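Residue strings, one per chain:
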Amino acid sequence: MKDFQELSPPPDALEKGGVEVLRASVVDGAVSIALRRSFDDPFTWGVLLIDLARHAARIYALETNLSEEEAFAQIQEGLASGGSGDPEAGPAGSLN
């Protein structure tokens, strides 16, 4: 088996329990995703994705020369692109 560097579950999930809803990995330079529908309303996925984007922006601000605002703006551009790098293109890739 190849080396896989997974993250630890969040401390509050370990303390209180919960259900993993999303796992994303980079494999050969591409994103591989496993997820559960998890919510009754797709709107909640939008809330989750924005929260995820804000967490990512904070990490970029801590680990690079980008500010949190600059990182978040670039993340928003990526979301608008549909994942292709081209804002005019549609979604790319498939789900596992």
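Placed above this text is the structure.
Caption draft 1: A look at the overall build of the chain. A count of helices and strands for the chain gives 3 helices and 2 strands. When its helices and strands are written in sequence order, the chain yields α-β-β-α-α. For the chain, the proportion of its 96 residues judged to be buried stands at 8%. As presented, the chain carries roughly 8,200 Å² of accessible surface, and 56% of it is formed by carbon and sulfur atoms.

Caption draft 2: View of helix α2 (residues 43–63). The end-to-end C-alpha separation of α2 is 31 Å, in line with the 30 Å expected for 21 residues at 1.5 Å each. When we look at burial in α2, the residues that qualify are Trp45, Ala53 and Ala57. Angular distribution of buried residues about the axis of α2 spans 115 degrees; they occupy a single face of the element. Buried residues belonging to α2 abut β2 (30–35) and α3 (68–80).

Caption draft 3: Structural view of the packing of aromatic side chains. Considering all chains together, one arrives at 1 aromatic pair under this definition. Aromatic pair Phe39 and Trp45: ring centres 5.4 Å apart, planes at 75 degrees, arrangement edge-to-face. Above the ring of Phe72, the side-chain terminus of Arg54 is found at 4.4 Å from the ring centroid.

Caption draft 4: Spotlight on the pattern of salt bridges. Per the stated rule, a full pass over the model turns up 3 salt bridges. Measuring nitrogen to oxygen at the nearest pair gives 3.2 Å for the salt bridge that ties Arg23 to Glu20. Overall, the relative accessible area of 45% leaves Glu20 in the partly exposed class. Residues Glu68 and Arg58 are paired through a salt bridge, measuring 3.5 Å at the closest nitrogen-oxygen approach. With Glu68 in helix α3 and Arg58 in helix α2, this residue pair connects regions lying 10 residues apart in the sequence.

Caption draft 5: The arrangement of α3 in detail. The end-to-end C-alpha distance of α3, which contains 13 residues, comes to 18 Å, matching closely the 18 Å that a straight helix rising 1.5 Å per residue would cover. Looking one or two residues past α3, Gly82 carries a phi angle of roughly 75 degrees, positive in sign.

Caption draft 6: The arrangement of the pairing of strand β1 (residues 22–27) in detail. Where β1 meets β2, 6 bridges bridge the pair, whose relative direction is antiparallel. From the neighbouring strand, Ala24 faces β2, where its bridge partner is Ile33. What sits between β1 and β2 in their antiparallel hairpin is a turn of 2 residues, with Asp28 showing a positive phi close to 50 degrees.

Conventions we followed
Residues numbered from 1 in each chain as written. Predicted model: local features only at pLDDT ≥ 70, side-chain atom pairs only at ≥ 80, totals over all residues. Heavy atoms only, no water. Helix = DSSP H or I, 4+ residues; strand = E, 2+ residues; numbered from the N terminus. Buried < 20%, exposed > 50% of the residue type's maximum accessible area, 1.4 Å probe, protein only. Areas by Shrake-Rupley, 256 points an atom, 1.4 Å probe, with all protein chains shown as cover. Expected span 1.5 Å × (residues − 1). Arc of directions from axis to C-beta. Contact = heavy atoms within 4.5 Å. Phe/Tyr/Trp six-rings, centres within 6.5 Å; stacked < 30°, edge-to-face > 60°. Lys NZ or Arg CZ within 6 Å of the ring centre and 35° of its normal. Salt bridge = Lys/Arg side-chain N within 4 Å of Asp/Glu carboxyl O. Pairing = 2+ DSSP bridges.

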